[in-house]
Each structure stands twice: as structure tokens, then as C-alpha cells.
Amino acid sequence: MKRVLREILNTSLYLLGVLCLVYLVIHFVGQRTQVQGDSMEPTLSTEDNLIVDKISYRFHEPERYDIIVFPFLGKEETFYIKRIIGLPGETVQIDEEGSIYVDGEVIDDFYGREIIQDPGRASEPITLGEGEYFVLGDNRNNSTDSREPSVGNIRREHIIGRAWLRIWPLEKFGLIKHR
């Protein structure tokens, strides 16, 4: 009888340890998310399942062209996935020809699917404050991003993490390329 109770206790402690580890990984290291919509085409597609790296930004700041996940502040349980274009302290502007300027210099926009037709609020220079980022979807003309007042500049504390690994569909399995 003691042996059975000891076995039950050991199994219970083992399961509790596994659950604690899973909790820590999900909340502090990574989480699964699913892409909805085509704003990141051709890089990411609807129903792609990703693992978001939540830990690397504890050791370094987000960089230009990183693909990040952040909550849409106007709607609970809605998350956006976009590419960082502008960094804190920089000035971003998009001209009528769709060229993206950072601090007055045109950047290489080899991620954009097409030429930007509507610069939105970036038609005027946007100077990013401390801890603010300007983001765009790769499908520039079909993306709700920092050009829209409803999204605006993304605060550092709102960034959940960086898209790291595509786990579904299996034929596209692999690390997400940011640069």
C-alpha cells in the first residue's frame, strides 16, 4: 500500500513539474500563434502556425526588419504580426511614389510585395518617441499597420515577441527569415 501511495505521489509531482515547465515556457519563452489574413504575404500566409520567441528581446532591442507580434489595442484577443521599419528616435515618411524614408534616406524595401499606394499618416514625417516602432505589413496595400491611426506607433512594452519558427504547414516548416 505504501508503495502504491509513493508511486501516486511521485507521478503527481512529476506531472506538476511538467505543467509548471509548460506554463513557464508559454508565458516567458515562446507561444504558438496562427496568422489570419494576407497582410504579410508573401512572407507569411493565412493559417501559417508560428512559434513566437518571447525571450530574445529581454537581451537585445528589436531591430529593423524583425517580424513582431503585438496586440491590437482596440480589440481584445486580437494580435497583429508586422515588420519593423522605424526604430525609436527615427523619423519615417512615405512619399507619393511609395518610397519609404527613414531619417531622410530611402531604405531598401525588398520585403514589400508592391509599391505603397496609400502612405496614410506617414505622408507627413512621423518622429518616433523613446520605445516606439513603426511597422508595416509586407503586403503593403492590404495591411492595417502603423500608417493607420487605429494602429499607430507600437510601444516597446506591447511587443509580445519575434516570429521565430513556422511549424505549419509542414512543407513550409522552418525558421522565419527576418533579413
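Above: the structure in question.
Residues numbered from 1 in each chain as written. Predicted model: local features only at pLDDT ≥ 70, side-chain atom pairs only at ≥ 80, totals over all residues. Heavy atoms only, no water.

1. A short note on the packing of aromatic side chains
Then comes step 1: Under the definition given, this model contains 3 aromatic pairs.
Then comes step 2: Plain terms: the ring middles of Tyr65 and Tyr111 are 5.1 Å apart, the flat faces sit at 45° to each other, and that makes the pair tilted. Of the two residues, Tyr65 sits in the loop between β2 (49-53) and β3 (67-71) while Tyr111 sits in the loop between β7 (105-106) and β8 (126-127), which places them 46 residues apart along the sequence.
Then comes step 3: Here the aromatic rings of Phe70 and Tyr80 are separated by 5.9 Å at their centres, their planes lie at 75°, and the arrangement is edge-to-face. One end of the pair, Phe70, is in strand β3; the other, Tyr80, is in strand β4 (residues 79-86), with 10 residues separating them in the sequence. Taken as a pair, Phe70 and Tyr80 share a single burial class, namely buried.
Then comes step 4: In this structure, Lys82 packs its charged tip against the face of Tyr80, placed 5.2 Å from the ring centre.
Then comes step 5: The ring centre of Tyr111 lies 3.7 Å from the NZ or CZ of Arg83, which sits over that ring. (Phe/Tyr/Trp six-rings, centres within 6.5 Å; stacked < 30°, edge-to-face > 60°. Helix = DSSP H or I, 4+ residues; strand = E, 2+ residues; numbered from the N terminus. Buried < 20%, exposed > 50% of the residue type's maximum accessible area, 1.4 Å probe, protein only. Lys NZ or Arg CZ within 6 Å of the ring centre and 35° of its normal.)

2. Structural notes on the sheet that holds strand β5 (residues 91-94)
Then comes step 1: With antiparallel pairing, the 4 strands of this open sheet are ordered in space as β7-β6-β5-β8. The open sheet is flanked by β7 and β8, the only strands paired with a single partner.
Then comes step 2: Alignment of β5 against strand β6 (residues 100-102), held across 3 bridges, turns out to be antiparallel. Across the sheet, residue Gln93 finds its bridge partner in β6, namely Tyr101. (Pairing = 2+ DSSP bridges.)

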